[in-house]
Amino acid sequence: MKLFFYYCLYGFSNCYLIGEDEEPAGGGKRRALIVDPGSMDEKIVGFIEDNDYDLRAVLVTHDHMNHVHGLRTLKRIYDVEVFAGDPTVCEERATLVKDGDRLELGSFAVDVFSVPGHSSDSVVYRIDRLLFSGDALTAGLVGTTASAYGRSVQSAAIRSKILSLPGDYTVLPGHGPPTTLETERRHNAGLEAAEKAGAQRAAFVRDIW
Amino acid sequence: MGPLRARLRAAYYTRMYAFTPCAAGCGRPVLSSSSTCALHSADPTAEADRFAAFIADRIVVKDLNAAALSFNSVDFSNRKFFGCSFSSSTFSLCLFTGAFLRMCFFDFCVFDGCDFSGSDVQFSTYGGSTFRNCTFEGSELVHVNFNGVTIAECTFNDSNLYNSRFISSRISSTDFIDCNIKKTFFVKSRQERVSFKSSNTAEAIFDLEPSQ
């Protein structure tokens, strides 16, 4: 698997392109996927064309403009299927994915974990030992949420679905540097803060009743 | 487009080392060109020497897994590393001057007396590592994960730390003089005798917002 990283200055987000190493057994071009096309310019298109990839799919971690700003341009160039936790992304139709889904895209098996909180459609994709976590989990932090309830739901989903995976999994977030799950288990300040706030709320409720 | 902006737009790719589980059945990935991980290797010292010789012979090193090994006085300088893992390794008196690292993993490592000056590190992680008496002077450390690190008596002077993270870190007797720390996170970082003289501290992030 080849992984291509691109830093989108629009929204300061990370875009990833994952390509196959070898051509399919039955012949044809090597296939590729894009995760979060925050912008689409000649560098990404050049990488696809130079490697003669057959771009098949776009995986969207959540429908925020800084992660999908390049989607329309991409769709004008390539005939791709868009997968997201919402049926409409950036006013484009998408194939809805839900928690526990497994997508077979070429030689890539993509597992879907729903992690709402930062947005209702936030999902994390797993391909092999790579986790594309969008804004739900970034190095040392969790996604910003609109309410304490959202934060609580998000933290619970991250703990049960993501942090339960092996510690050497690589986390490729929507913003900032990469990380590993073991690093997040031990040093994620956002999760610590959410846990502390949850404990305070529980104590407050106990005091009232 | 300015040089910094041009560098930030730079994109790069890696293949990432292939995951083959250790023959001992521990679930860890094997060392490159081996059938076991370092913990189940018959001679980890010989494995480290093998990797040191391998690196010495090359300018570009790709997709190497050299996790949980111990390197003493090894010269990694002016080499280009792509998609390599050195997780949980120990580096003592090693040279990384002018090294070029992309998507490399140094999480939970120990660096003692290592020289990273003039290195160019992007989109890599040193999460949970310990640095003692190390220098990063004049380095590009862009999109680098230093979360949970312990840093003592080190210097990052004259470095570009754009979009790097030092969350939950412990930093003591360390200088960040004349650094670019725009969008650098120091949230929940415990600091003693740390100098940010002439650095753009107003553009760094030292506290979480309430919703985070």
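Here, the structure is the one placed above.
The shown structure was predicted, so the numbers you read here are calculated from the model rather than taken from an experiment. (Residues numbered from 1 in each chain as written. Chains lettered and ligands numbered in written order. Predicted model: local features only at pLDDT ≥ 70, side-chain atom pairs only at ≥ 80, totals over all residues. Heavy atoms only, no water.)

Chemist: Please provide a residue-by-residue account of the pairing of strand 1 (residues 2-8) of chain A, values included.
Modeler: Residue and element names in this part refer to chain A. Most of strand 1 is tucked away, with seven of its seven residues classed as buried. Burial of the side chains of strand 1 extends over both faces: K2, F4, Y6 and C8 are buried on one face and L3, F5 and Y7 on the other. With seven bridges connecting them, strand 1 and strand 2 (residues 13-19) associate as antiparallel partners. Residue pairing across strands places F4 opposite L17, the latter belonging to strand 2. Between strand 1 and strand 2, which pair antiparallel in sequence order, lie four residues; one of them, G11, sits at a positive phi of approximately 80°. (Buried < 20%, exposed > 50% of the residue type's maximum accessible area, 1.4 Å probe, protein only. Helix = DSSP H or I, 4+ residues; strand = E, 2+ residues; numbered from the N terminus. Pairing = 2+ DSSP bridges.)

Chemist: Can you tell me about the sheet that holds strand 9 (residues 130-132) of chain B, naming the residues and giving the values?
Modeler: Residues and elements named next belong to chain B. Spatially, the seven strands line up as an open sheet ordered 3-5-7-9-11-12-13, and their pairing is parallel. Pairing within the sheet leaves two strands with one partner each, and these edge strands are strand 3 (70-72) and strand 13 (190-195). The mean inter-strand angle of the sheet, taken between neighbouring strand axes irrespective of direction, is 10°. Pairing between strand 9 and strand 11 (residues 150-152): three bridges, direction parallel. By the bridge assignment for strand 11, R132 is matched with A152. (Axes fitted to C-alpha atoms, helices over the stretch in contact; angles between N-to-C directions.)

Chemist: Which residues make up the sheet that holds strand 6 (residues 100-102) of chain B, and what values go with them?
Modeler: All names here are of chain B. Read from one edge to the other, the open sheet built from five strands follows the order 2-4-6-8-10, with strand pairing classed as parallel. Unpaired on one side and paired on the other, strand 2 (60-62) and strand 10 (140-145) mark the two borders of the sheet. Across this sheet, the average inter-strand angle for adjacent strands is 10°, counted without regard to direction. When strand 4 (residues 80-82) meets strand 6, the two strands line up parallel, connected through three bridges. Among the inter-strand pairings, F82 is bridged to a residue of strand 6, identified as R102.

Chemist: Quick one: what's the story with helix 1 (residues 42-50) of chain A, residue by residue and with numbers?
Modeler: Along an α-helix, residues three or four apart share an orientation, since each turn contains 3.6 residues. Of all the residues in helix 1 of chain A, the buried ones are A:I44, A:V45, A:G46, A:F47 and A:I48. At the exit of helix 1 of chain A stands A:D52, carrying a positive phi of roughly 55°.

Chemist: Lay out the environment of A:V68 with the relevant residues and their values.
Modeler: Residues and elements named next belong to chain A. Its location among the elements puts V68 in helix 2 (residues 65-68). Considering only alpha carbons, one finds V68 and C15, 53 residues apart in sequence, at a separation of 9.5 Å. Residues within four places of V68 in sequence aside, it is in contact with P37, G38, V60, H62, D63, V89 and C90. (Contact = heavy atoms within 4.5 Å.)

Chemist: Go over the side chain of B:T36 with me, naming the residues and quoting the values.
Modeler: Residue and element names in this part refer to chain B. Mapped onto the secondary structure, T36 falls in the loop between strand 1 (12-14) and helix 2 (44-56). On the basis of relative accessible area, T36 is assigned to the buried category, the value being 15%. Other than its neighbours up to four places away in sequence, T36 contacts C22, A23, V30, L31 and S41.

Chemist: Any chance you could break down helix 4 (residues 148-162) of chain A for me, citing the residues and the numbers?
Modeler: Residues and elements named next belong to chain A. With 15 residues, helix 4 extends 20 Å from end C-alpha to end C-alpha; this agrees with the ideal 21 Å at 1.5 Å per step. Among the residues of helix 4, those classed as buried are G150, R151, Q154, S155, A157, I158 and I162. Projected down its long axis, helix 4 shows its buried positions confined to an angular sector of 165°, all on one face. (Expected span 1.5 Å × (residues − 1). Arc of directions from axis to C-beta.)

Chemist: So what about the nonpolar core? Which residues, and what values?
Modeler: B:F71, B:F86, B:F91, B:F111, B:F131 and B:F156 are the most contacted members of the largest nonpolar core, which totals 48 residues. Counting only elements with at least two residues in this core, the list comes to helix 2 and strand 10 of chain B. Among the elements that make up this core, the one with the highest residue count is helix 2 of chain B (four residues). Core analysis: the next-biggest nonpolar cluster, separate from the first, contains 28 residues, A:L3, A:Y7, A:Y16 and A:V110 among them. (Core = buried A, V, L, I, M, F, W, Y, C linked by side-chain atoms within 4.5 Å.)

Chemist: Tell me about the interface of chain A and chain B, and name the residues and values.
Modeler: Bring the parts together and some accessible area is lost; that lost area is often taken as the interface size. Contacts between the two partners involve 42 residues from chain A, matched on the other side by 39 residues from chain B. For the pairing of chain A and chain B, the buried interface totals around 3,600 Å² over both sides, and the portion due to carbon and sulfur atoms is 61%. Broken down residue by residue, the surface that chain A buries against chain B is led by A:F5, A:Y7 and A:L9, which jointly contribute 17%. At the junction of chain A and chain B, the tally comes to zero salt bridges. Where chain A packs against chain B, one counts eight residue pairs in polar contact (both at pLDDT 80 or more). Those elements that provide at least two residues to the side of chain A that touches chain B are strand 1, strand 2, helix 1, strand 14 (141-142), strand 15 (170-173), strand 16 (179-180), helix 5 (181-187) and helix 6 (189-208) of chain A. (Buried area = accessible area lost by both parts, 1.4 Å probe. Salt bridge = Lys/Arg side-chain N within 4 Å of Asp/Glu carboxyl O. Polar contact = N/O pair within 3.5 Å; in protein donor to acceptor, adjacent residues only side chain to side chain.)

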